[in-house]
Amino acid sequence: LHLGGTGAANALDDYEEGLWTPYYTSQNGNLTLNGNASNTASMYTTQSGSYVKIGKKVICHMSIATNGVTSHAGSGNLWIAGLPFTTSTTTSSNPRGVNGAMAGRFNSFTPDQLVCNSNATTLQIRAGFEGYPTRSNLDTTGSGNRNVIEALIVYEIA
């Protein structure tokens, strides 16, 4: 496929589509849900994502919701892990991706933004500019779709 001409400089030679699996983690990478590793599939009713990679740009969709979580352990802010590609290093000329999210059923916290971490496959969860949830904001009522986030994520890779 060529864009804007037929020369090699106009060739679209780096296009990919695929799936990825988002999961909750902590800033320190030690989150557990009901004593299980936080990426354990049975801890989620929904854990799906898709992506399109065009050159250095990645466009992802994701949906995540926990299932039957009654306890958690770990430390640090609550994050999402599993992005399909490592993000680029943040610089003044290459800012990190800040992405809107629709979320609910958390404990006293409603996420509305996901912020890409620099040179990583993780996202910070935020409400406003400086609102960071910790694992204590996870709903542990243990039934149905809880701790739900649906999002569109756009970022650049190295």
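As a starting point, this report considers the structure included with it. (Residues numbered from 1 in each chain as written. Predicted model: local features only at pLDDT ≥ 70, side-chain atom pairs only at ≥ 80, totals over all residues. Heavy atoms only, no water.)

The next thing to look at is the pattern of salt bridges. By the definition in use, this model includes 4 salt bridges. Notably, a salt bridge pairs Lys56 with Glu156, separated by 3.9 Å at the nearest N-O pair. Of the two residues, Lys56 sits in the loop between strand S5 (44–54) and strand S6 (57–66) while Glu156 sits in strand S12 (residues 146–156), which places them 100 residues apart along the sequence. Look at Lys56 and you get partly exposed, because its relative accessible area is 46%. Residue classification places Glu156 among the partly exposed residues on the basis of a relative accessible area of 22%. Connected through salt bridges with shared partners, the residues Lys56, Lys57 and Glu156 form a single ionic network. (Salt bridge = Lys/Arg side-chain N within 4 Å of Asp/Glu carboxyl O. Helix = DSSP H or I, 4+ residues; strand = E, 2+ residues; numbered from the N terminus. Buried < 20%, exposed > 50% of the residue type's maximum accessible area, 1.4 Å probe, protein only.)

Next up on the list: the sheet that holds strand S4 (residues 36–37). If you trace the 3 strands from one edge of the open sheet to the other, you get S4-S3-S7, paired in antiparallel fashion. Each edge of the open sheet carries a strand with a single partner, namely S4 and strand S7 (72–73). The sheet contact formed by strand S3 (residues 32–33) and S4 spans 2 bridges and is antiparallel. Within S4, the residue paired with Thr32 across the bridge is Ala37. (Pairing = 2+ DSSP bridges.)

As for its position among the elements, Ser38 is in the loop between S4 and S5. Not counting the four nearest positions on each side in its chain, Ser38 is found in contact with Tyr23, Tyr24, Thr25, Leu31, Thr32, Leu33 and Tyr44. (Contact = heavy atoms within 4.5 Å.)

What follows is about the nonpolar core. Across soluble globular proteins, you tend to see nonpolar side chains buried next to one another. Tyr24, Met62, Leu114, Ile149, Ile153 and Tyr155 are the most contacted members of the largest nonpolar core, which totals 29 residues. Those elements giving two or more residues to this core turn out to be S5, S6, strand S8 (78–81), strand S10 (113–116), strand S11 (122–126) and S12. (Core = buried A, V, L, I, M, F, W, Y, C linked by side-chain atoms within 4.5 Å.)

Below, the discussion takes up the sheet that holds S8. Spatially, S1-S5-S6-S12-S9-S10-S11-S8-S2 is the arrangement adopted by the 9 strands of the open sheet, whose pairing is antiparallel. Here the strands that pair on one side only, and so sit at the sheet edges, are strand S1 (15–20) and strand S2 (23–26). In this sheet, adjacent strand axes meet at a mean angle of 25° when their direction is disregarded. As paired elements, strand S9 (residues 98–104) and S12 share 4 bridges and run antiparallel to each other. Bridge pairing links Ala101 to Ala151 in S12. (Axes fitted to C-alpha atoms, helices over the stretch in contact; angles between N-to-C directions.)

So, on to the packing of aromatic side chains. This structure, assessed with the given rule, holds 3 aromatic pairs. Aromatic pair Tyr24 and Tyr44: ring centres 6.3 Å apart, planes at 20°, arrangement stacked. Placement of the pair is Tyr24 in strand S2 and Tyr44 in strand S5, with a sequence separation of 20 residues. Comparing Tyr24 with Tyr44 shows no difference in burial state: the two are buried. On the numbers, 5.2 Å between centres and 90° between planes, the contact of Tyr51 with Phe85 is edge-to-face. Here the residue Tyr51 occupies a position in strand S5, and Phe85 occupies one in the loop between S8 and S9, the gap between them amounting to 34 residues. Each member of the aromatic cluster is reached from another via a ring pair, and the members are Tyr24, Tyr44 and Phe106. The ring centre of Phe85 lies 5.7 Å from the NZ or CZ of Lys53, which sits over that ring. A cation over an aromatic ring shows up here: Arg126 above the ring of Phe129, its NZ or CZ 5.9 Å from the ring centre. (Phe/Tyr/Trp six-rings, centres within 6.5 Å; stacked < 30°, edge-to-face > 60°. Lys NZ or Arg CZ within 6 Å of the ring centre and 35° of its normal.)

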